[in-house]
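So the chains spell out like this:
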Amino acid sequence: MLITIFFAALAAIALWVLWVRSRRKHVRIVLPPGATIQSLARSFAGLTWGHLTEGNGVRIVQNSAFFHALIVDVAAARHHVHLETFLWEDGAVSDIVAAALERKAAEGVAVRVLVDQRGAKQTSPRVWAGLRAAGCDFRVYHRARIRELAWYNNRDHRKIAIIDGRIGWTFGHGIADMWGDQGGWRDTAARFEGPVVNDLQAAFFDNWMAVTRTAPASDDYFPRLEAAGTTPVHIAYITQPETSSAVERLYYLAIAAAKKELILENPYFIPNRHAVALLREARARGVDVKLLLPTSDTSDFPIVQHASHWYYGPLLAAGARIWEFTRSGIHQKVMIVDREWCTIGSTNFDPRSFNINDEITVAIHDADVANELAAEFDRDRTGAFEWTLRYWEDRGTRHRIIDRLSAMLKRQL
């Protein structure tokens, strides 16, 4: 009887894996000969279910300075504040963000807060009660309850803030002290003004409507926005059921388009065979491929970093350079191509972000912004530990086993 149950369970698991793997079909990327990433801006937007918006102002904000800048914007809000995030933990950062939101709600400003249930498990119910008592419309994405069980593995990992429909933010930070003034984690945020804020607002309402089943239609949320700068920007966040997500496709398009240099800073790097092939092809055409990742000691999920190690070998053999940041945790999700184009957002370079979670990535077509981020990358890798192919080959048996076992779980990490 037990043997029958065992094999029935194996068969069920095999069918489930086959079903999951058959749901998403990878897209082969075909680019015109000689095309540059700047010439492909509108194609990238269209192929990721977006559109290119002109005339935007962009400001990069690093580390804990993000919270200070965000609170200044919240304090100036007159109509609404929208905040969507994954991780929220008790502490000083939670206290100052919650207090800023409560003050605006008490003034009569519409404050909407959407947090992911799994990412906010360690937050005291008193925080949520305080927000609601002040008048905030506080909601939780995919609760652990029967009617949402089928969706529970799908998490809201987007990081978005909108103030009055005129200022938009995306960021890698969680609302937690590890990103605070004393926490020291490396992360990057971007503040936007101009027409692209309407697209950030649409991304926020995408999940807000999924949770609340309400659509608050008003031009106050989508005002007519004049140019606030000169930067073209486009947003990727849509997921379709039978093909690669917008965020995954955007990463892969950018890798395929790189001509001289590709920089990737990411806390969770677990490439599939398609990504490995694209990165190796980039090296073969002379692109300098540079990756900055955490160590297994500084990562908050060491198993993910061990899975990353499994894929270092073929990339190092192709000539890619890989550093691990040792001074603290590193959490920014930044890609820079040819120091002309870059992305910022919530998307990790792993199967969960690409295929399961809801994510957002903002593509910025601006050499000045790309060079600013590249300069930060150059500072970050100073003193970072650089892996070599020899070092990878010489890692011990125990390390290899942990790496392999971790990589086998990559679809859910």
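Before going into details, it helps to say that this report is about the structure given with it. Since the structure is predicted, the reported quantities are computational estimates derived from the model, not experimental observations. (Residues numbered from 1 in each chain as written. Predicted model: local features only at pLDDT ≥ 70, side-chain atom pairs only at ≥ 80, totals over all residues. Heavy atoms only, no water.)

## Regarding the overall build of the protein chain
Phase 1: Scanning the protein chain for helices and strands turns up 13 helices and 15 strands.
Phase 2: Its C-alpha radius of gyration of 21 Å places the protein chain within 12% of the 22 Å reference for a compact globule of 413 residues.
Phase 3: In terms of overall dimensions, the protein chain has a C-alpha envelope of 65 × 60 × 40 Å along the principal axes.
Phase 4: Per-residue burial for the protein chain yields a buried fraction of 56% across its 413 residues.
Phase 5: Put simply, 81% of the contacts in the protein chain that link residues at least 6 apart link residues at least 24 apart.
Phase 6: Just so you have it, the protein chain exposes about 17,900 Å², and 56% of that area is on carbon and sulfur atoms. (Helix = DSSP H or I, 4+ residues; strand = E, 2+ residues; numbered from the N terminus. Rg over C-alpha atoms; globule rule 2.2 N^0.38 Å. Buried < 20%, exposed > 50% of the residue type's maximum accessible area, 1.4 Å probe, protein only. Contact = heavy atoms within 4.5 Å. Areas by Shrake-Rupley, 256 points an atom, 1.4 Å probe, with all protein chains shown as cover.)

## Quick notes on the packing of helix H9 (residues 302–318) against helix H13 (residues 397–408)
Phase 1: Here H9 crosses H13 at 100°, and the two axes come no closer than 7 Å. With respect to their mutual orientation, H9 and H13 come out roughly perpendicular. Across the interface between the two elements, Ile-303, His-306, Ala-307, His-309, Trp-310 and Tyr-311 of H9 pack against His-399, Arg-400, Ile-402, Asp-403, Arg-404, Ser-406 and Ala-407 of H13.
Phase 2: The residue makeup of the contact of H9 with H13, split by class, is six nonpolar, four polar and three charged. (Axes fitted to C-alpha atoms, helices over the stretch in contact; angles between N-to-C directions. Parallel < 35°, antiparallel > 145°, perpendicular 65-115°, else oblique. Nonpolar A, V, L, I, M, F, W, Y, C, P; charged D, E, K, R; others polar.)

## Considering the packing of aromatic side chains
The description of an aromatic ring pair uses the distance of the two centres, along with the angle that the planes make with each other.
Phase 1: Counted by the stated rule, this structure contains 22 aromatic pairs.
Phase 2: With 5.2 Å between their ring centres and 70° between their planes, Phe-66 and Trp-169 make a pair best called edge-to-face. Of the two residues, Phe-66 sits in helix H3 (residues 65–75) while Trp-169 sits in strand S6 (residues 167–171), which places them 103 residues apart along the sequence.
Phase 3: A centroid spacing of 4.4 Å and a plane angle of 20° characterise the contact between Trp-128 and Phe-138, whose relative ring orientation is stacked. On the criterion of sequence distance, the pair formed by Trp-128 in helix H5 (residues 125–134) and Phe-138 in strand S4 (residues 137–141) is long-range, its members being 10 residues apart. (Phe/Tyr/Trp six-rings, centres within 6.5 Å; stacked < 30°, edge-to-face > 60°.)

## Observations regarding the layout of surface pockets
Phase 1: Put simply, the second largest pocket is a space of about 610 Å³.
Phase 2: If you trace the second largest pocket, you find 24 residues lining it, with Phe-86, Arg-118, Tyr-268, Asp-300 and Phe-301 closest to the centre.
Phase 3: Breaking the lining of the second largest pocket down by element, the ones donating at least two residues are H9 and helix H10 (351–355).
Phase 4: For the lining of the second largest pocket, the class distribution of residues is nine nonpolar, seven polar and eight charged. (1 Å grid on protein atoms, 1.4 Å probe; cavity = no way out; pocket = protein on both sides within 12 Å on 5 of 7 lines; lining within 4 Å. Points joined across faces, edges and corners; volume = space filled by probe spheres on them.)

## With respect to empty space enclosed by the protein
Phase 1: Scanning the entire structure with this criterion turns up three cavities of 30 Å³ or more.
Phase 2: Counted as a void, the largest cavity has a volume near 40 Å³.
Phase 3: Taken together, His-26, Val-27, Ile-29, Ser-244, Arg-249 and Tyr-252 make up the full set of residues lining the largest cavity.
Phase 4: Classifying every residue of the lining of the largest cavity by side-chain character gives three nonpolar, two polar and one charged.
Phase 5: What lines the second largest cavity is Trp-185, Pro-267, Tyr-268, Pro-294, Thr-298, Ser-299, Asp-300, Gly-329 and Ile-330.
Phase 6: For the lining of the second largest cavity, a count of residues per class yields five nonpolar, three polar and one charged.

## Details of the environment of Pro-351
Phase 1: By secondary structure assignment, the location of Pro-351 is in helix H10.
Phase 2: Taking C-alpha positions, Pro-351 is 20 Å from His-173, a pair spaced 178 residues apart along the chain.

## Description of the side chain of Lys-104
Phase 1: By the element assignment, Lys-104 lies in helix H4 (residues 92–106).
Phase 2: The residues touching Lys-104, leaving out its near neighbours within four places in the chain, are Val-74, Ala-75, Ala-77, Arg-78, Val-109 and Val-111.

## Looking at the nonpolar core
Phase 1: Counting 47 residues, the largest nonpolar core has Leu-262, Met-335, Trp-341 and Phe-349 as its most contacted members.
Phase 2: With 10 residues, the top contributor of residues to this core is helix H7 (residues 246–257).
Phase 3: For Leu-262, the residues in contact, after removing those within four places along its chain, are Ile-255, Leu-279, Val-287, Asp-288, Val-289, Lys-290, Met-335, Ile-336 and Val-337.
Phase 4: In this structure, Ala-77, Val-109, Trp-128 and Leu-131 belong to the second largest nonpolar core, which totals 39 residues. (Core = buried A, V, L, I, M, F, W, Y, C linked by side-chain atoms within 4.5 Å.)

## Looking at the pattern of salt bridges
Phase 1: According to the stated counting rule, one finds 16 salt bridges in the structure shown.
Phase 2: Of the charged contacts, one joins Arg-186 and Asp-380 as a salt bridge, the two residues approaching to 2.9 Å between their closest N and O atoms. Note that Arg-186 is positioned in the loop between S6 and strand S7 (188–193) and Asp-380 in helix H11 (residues 367–381), a separation of 194 residues in sequence. Each of the two residues, Arg-186 as well as Asp-380, counts as buried. (Salt bridge = Lys/Arg side-chain N within 4 Å of Asp/Glu carboxyl O.)

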